[in-house]
Amino acid sequence: MDEPPPTSKNSNNMVSSQQQQSKYIKEELFSQPKESVIIGHRISGKIWKLPKLATRRSQLPRSLSKTWAQRLKERQERDAVKALENELKTEKEAKKQKTREALSQRRKAAEERERLEKLAALYSAKKMKRLRKKQEMISLKNVQPISSHEFSRIMTTLKTFPTNIKRVGLAVSGGVDSMALSYLLQDWTKHNGIKLHAFTIDHQLREESAEEARSVAETMKNLGIPHEIMRINWLNPPTRPTMSLNKNPSPDSSSAIQTSHDSMINEPPIDSQPKKYYNRHSNALPYPTISQLETRARQSRYTLLSKACAKHGIRHLFLAHHLNDQVTTMVMRLARGSGVEGLAGMDMDVQLPIVKTIDGLGLRILRPLLNVTKERLIETCATSNIPYFEDKTNKSSSHKRNVVREDLKALDDKYLQGDERFKPLSTMALASFVEHMKDHKAYLNKKVNSVIPEIAQLSIGYGACAIDIPPKVPIKLKPVPVLRYIDSFEPAIQPVIKKSPLNWLDHRYIAVRVLSRLIQWTSCADNAPRLESILLIYKHILKQHKIQPEERSAITALNVIIHPPRKSSGPTINQWLLCRQPYTTAFRRNDLDLIEFDDDEKYGGREKVVFWDTRFFVGIRYSSTSTQDGGWKFLVKRLSQEDLASLRSKKDFRMKKSINQFMQDIPGQSRDTIPAIFGKNRVTNNEYLFSVPSLGINLFPDILTSWVRFRNESFLGDKEGEEP
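Residues numbered from 1 in each chain as written. Predicted model: local features only at pLDDT ≥ 70, side-chain atom pairs only at ≥ 80, totals over all residues. Heavy atoms only, no water.

**Digging into the side chain of Asn681**
Here Asn681 lies in strand β25 (residues 675–681). The exposure class assigned to Asn681 is buried, which follows from its relative accessible area of 7%. (Helix = DSSP H or I, 4+ residues; strand = E, 2+ residues; numbered from the N terminus. Buried < 20%, exposed > 50% of the residue type's maximum accessible area, 1.4 Å probe, protein only.)

Here it is, written out as structure tokens:
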């Protein structure tokens, strides 16, 4: 039986009992002096403050215990989330650590900079500069050999080296520079499919020179390079002292023999030519004195090399001049007072500087090692086990170049040892100066090469040059206000005079180089005239330019005479003429060159060439087929005034026209400076004028044909010299 529902009284009793129980719990809990916590009921919203010891589930009401369990669960969830976050944070820290390791080098660099800044604060600027220079000198002492890749990069800088070239030549002396170049060039030509041919000149100035040449031939054979030895035969050589041979290293001299692919090219015997002709026009010169040694040897060396290159069809010849040679050359030219052209030193790619034979025309000289020090070449030979010789005559104090070379080496060694006082005369400092001069030279040459075609008329047949100098007439412009600060500040009207842009003579630096270039072209000299000589000519022309044409006078320099305008009116009123200086009496007596043909050459039409007056190459082909003339021997000498008069008496119209034009262009005192060919009959001993090739005159075309070529026919080239 179900119990009856509680009455309201019972209900009231139940509520009161619950209240008493809650009150009891509060009193029991709050009576304990413990640290308490505050909890709340999620339904009733009541707040309970309980000590931590009373937070056990058994001591709480069911409603309160249920809420606390939920909060514990939430706390566990929060702890799990926090653990996950900590794990992710650990992974991020690992990534950051890797980044820190990647930036460690940068931090070290920053610390190093800070350290240097502290050092700069502690030490003076002078001490820091010495420290840096010491590090630079240490790097300079670390000499490295030249690699094949570096040499290939150097070869790309040669401006006129063709891409389709088939063969090149190399001059090998046996020194460390030429032997290193032969090793590098052999590898480069083999890689590019180019044939290399080496030449050695035996100057016969030392007793061991022949042995050295044979040893060089053996080394070239080991490198697989075809090689030839050429000798210079001196006239009456004196007894030469024996000099020791320094090899580093070298093959056994007893095993250095002439190989089958080597050949000996000698100068013709001394007795085969008349002594007068041979001394003046052949490379077999009289034995030189100490002052003449370098010049004579250089001329003979270039002549033999040009002949050998022509024999093998070579138009590019490599030389082994290096940076130390460049610096030595610059210092010697500086002592002689050279200008920009001389101080720029040698060029890497240039025409043959000395042309004594027809074979030398068009031959180019290449110097790829001009920016390489000798120490690097020595290291290259040592690394590759290439033998070389040291000529002790290079250390003799009898020659200026040797003195300059040794002194510069001593100064450079002191600088490399740390003495800053010798830096201005170190190799690298002087090489930097040479590079600056090359820039100035290139700029000036560009200006000069643009002016000369506008003002100069070159006559290759006559070897003369006419230049136009505009009249000295200033251009008056409109008056402009100019402030005068002498008396007052009131503006005054003054005329302004401007130089004519066409008058190149007003620009001194350009005019001096134009005159130097034209004088060297006319004289066909190996080197340009000195700066002081050109300045005198420049001042003379300026002075003569201001007076009347009738009162002007000529001036000479480097065997060239500069004629002022001969007329006061007409198209040549402002035209100055550069011609060969009239010959001296001694030259007129000995100006002939004898050319004789053998019996086989008479009828075979063989051609012979004579280098006359160091300006003209005269070619003669004996084409006579008659056996009744008795034979001829030919002479090449100057065209005299009497010969010119006899030609004018001829009735040939074309001949007269050519002679009249020649006489109109060339002044009277310079007309006997062109070559003429005379024939002398062997039977009758009579002499006749055969040909004047410069004028296109040939009186006996059935007997011979002739031609003439001017040595400097390729003007505006890049011949090196000591031009100001």
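Picking up after the structure, the text goes on.
**Quick look at the packing of aromatic side chains**
One pass over the structure, following the stated rule, counts 11 aromatic pairs. Each ring, one from Phe611 and one from Phe617, has its centre 4.6 Å from the other, and the planes form 20°; the classification is stacked. Residue placement shows Arg508 over the ring face of Tyr509; its charged tip is 5.3 Å from the ring centre. One Lys or Arg, Lys637, reaches over the ring of Phe678 and ends 4.7 Å from the middle of that ring. (Phe/Tyr/Trp six-rings, centres within 6.5 Å; stacked < 30°, edge-to-face > 60°. Lys NZ or Arg CZ within 6 Å of the ring centre and 35° of its normal.)

**Looking at the state of the cysteines**
Under the defined criterion, the tally for this structure stands at zero disulfides. Here Cys579 is not cross-linked by a disulfide; its sulfur's nearest cysteine counterpart is in Cys465, at 9.1 Å. What makes Cys579 buried here is its relative accessible area of 2%. (Disulfide = S-S within 2.5 Å.)

**Remarks on the sheet that holds strand β21 (residues 593–596)**
Read across the open sheet, the five strands follow the order β21-β24-β25-β26-β27; overall the sheet is antiparallel. Whereas interior strands pair on both sides, the edge strands pair on one side only; in this sheet they are β21 and β27 (697–698). With two bridges connecting them, strand β26 (residues 687–692) and β27 associate as antiparallel partners. In the strand pairing of β27, Ser691 is matched with Asn698. Its contacts with the sheet put helix α19 (residues 641–648) on β24 (632–638), β25, β26 and β27, and the angle it makes with β26 is roughly 75°. (Pairing = 2+ DSSP bridges. Contact = heavy atoms within 4.5 Å. Axes fitted to C-alpha atoms, helices over the stretch in contact; angles between N-to-C directions.)

**Details of the sheet that holds strand β12 (residues 456–459)**
Strands sit in the order β12-β13-β20-β19-β18 across an open sheet of five strands; the sheet is antiparallel. Two strands bound the open sheet, and with one partner strand each, they are β12 and β18 (555–557). Within this sheet the neighbouring strands show an average axis-to-axis angle of 20°, counted without direction. Strand direction decides the pairing type here: strand β13 (residues 464–468) and strand β20 (residues 575–580), joined by four bridges, are antiparallel. Bridging across to β20, Cys465 finds its partner in Leu578. Taken strand by strand, helix α16 (residues 531–545) contacts β18, β19 (560–563) and β20, and its axis lies near 165° from that of β18.

**Looking at the environment of Gly461**
Secondary-structure assignment places Gly461 in the loop between β12 and β13. The class of Gly461 is partly exposed, set by a relative accessible area of 27%. Considering only alpha carbons, one finds Gly461 and Glu713, 252 residues apart in sequence, at a separation of 9.2 Å. Leave out the neighbours within four places in its chain, and Gly461 touches Phe616, Ile674 and Ser694.

**Quick word on the confidence of the model for the protein chain**
Chain-level pLDDT for the protein chain is 76 on average; 70% of the residues reach the 70-or-more range. pLDDT under 50 marks residues 7–11. Its contacts with residues more than four places away, or in other chains, come to one contact. (pLDDT = per-residue confidence, 0-100.)

**Quick word on the pairing of β26**
On a regular strand, each side chain points to the face opposite its neighbour's, so the side chains alternate between the two faces of the sheet. Where β25 lies against β26, four bridges are found, and the strand directions are antiparallel. When the bridges of β26 are listed, Lys680 appears paired with Glu687.

**So, the packing of helix α10 (residues 323–335) against helix α14 (residues 427–455)**
Axes are the key here: two packed helices are described by the angle between their axes and the distance separating the axes. Where α10 contacts α14, the two axes come as close as 10 Å, and the packing angle between them is 70°. With respect to α14, the element α10 is oriented roughly perpendicular. Of the residues in α14, those touching α10 at Leu323, Asn324, Gln326, Val327, Met330 and Val331 are Thr427, Met428, Leu430, Ala431, Phe433, Val434 and Lys438. Considering only residue class, the contact of α10 with α14 consists of nine nonpolar, three polar and one charged. (Parallel < 35°, antiparallel > 145°, perpendicular 65-115°, else oblique. Nonpolar A, V, L, I, M, F, W, Y, C, P; charged D, E, K, R; others polar.)

**Describing α19**
For an α-helix, 3.6 residues make a turn, and residues three or four places apart therefore share a direction. Listed as buried for α19 are Asp643, Leu644 and Leu647. Around the axis of α19, the buried residues are gathered within 100° of arc, so they sit on the same side. Here the buried face of α19 lies against β24, α20 (653–665), β25, β26 and β27. (Arc of directions from axis to C-beta.)

**Quick look at the pairing of β19**
On β19, burial covers both faces: Val560 and Ile562 on one face and Ile561 and His563 on the other are all buried. The turn joining β18 and β19, which pair antiparallel and follow one another in sequence, is formed by two residues; a positive phi near 55° is taken by Leu558. By the bridge criterion, four bridges tie β19 to β20 in an arrangement that is antiparallel. Each bridged residue has a counterpart across the sheet, and for Ile562 the counterpart in β20 is Leu578.

**Concerning the pattern of salt bridges**
Taken as a whole and judged by the stated rule, the model has 18 salt bridges. One salt bridge connects Glu228 with Lys311, and the closest N-O pair in it is separated by 4.0 Å. Of this pair, Glu228 sits in strand β5 (residues 227–231) while Lys311 sits in helix α9 (residues 293–311), placing them 83 residues apart in sequence. Accessibility expressed as a relative area gives 4% for Glu228, which makes it buried. According to the relative accessible area criterion, Lys311 is exposed, its value standing at 53%. Of the charged contacts, one joins Asp419 and Arg421 as a salt bridge, the two residues approaching to 2.7 Å between their closest N and O atoms. The exposed category is assigned to Arg421, whose relative accessible area is 66%. (Salt bridge = Lys/Arg side-chain N within 4 Å of Asp/Glu carboxyl O.)

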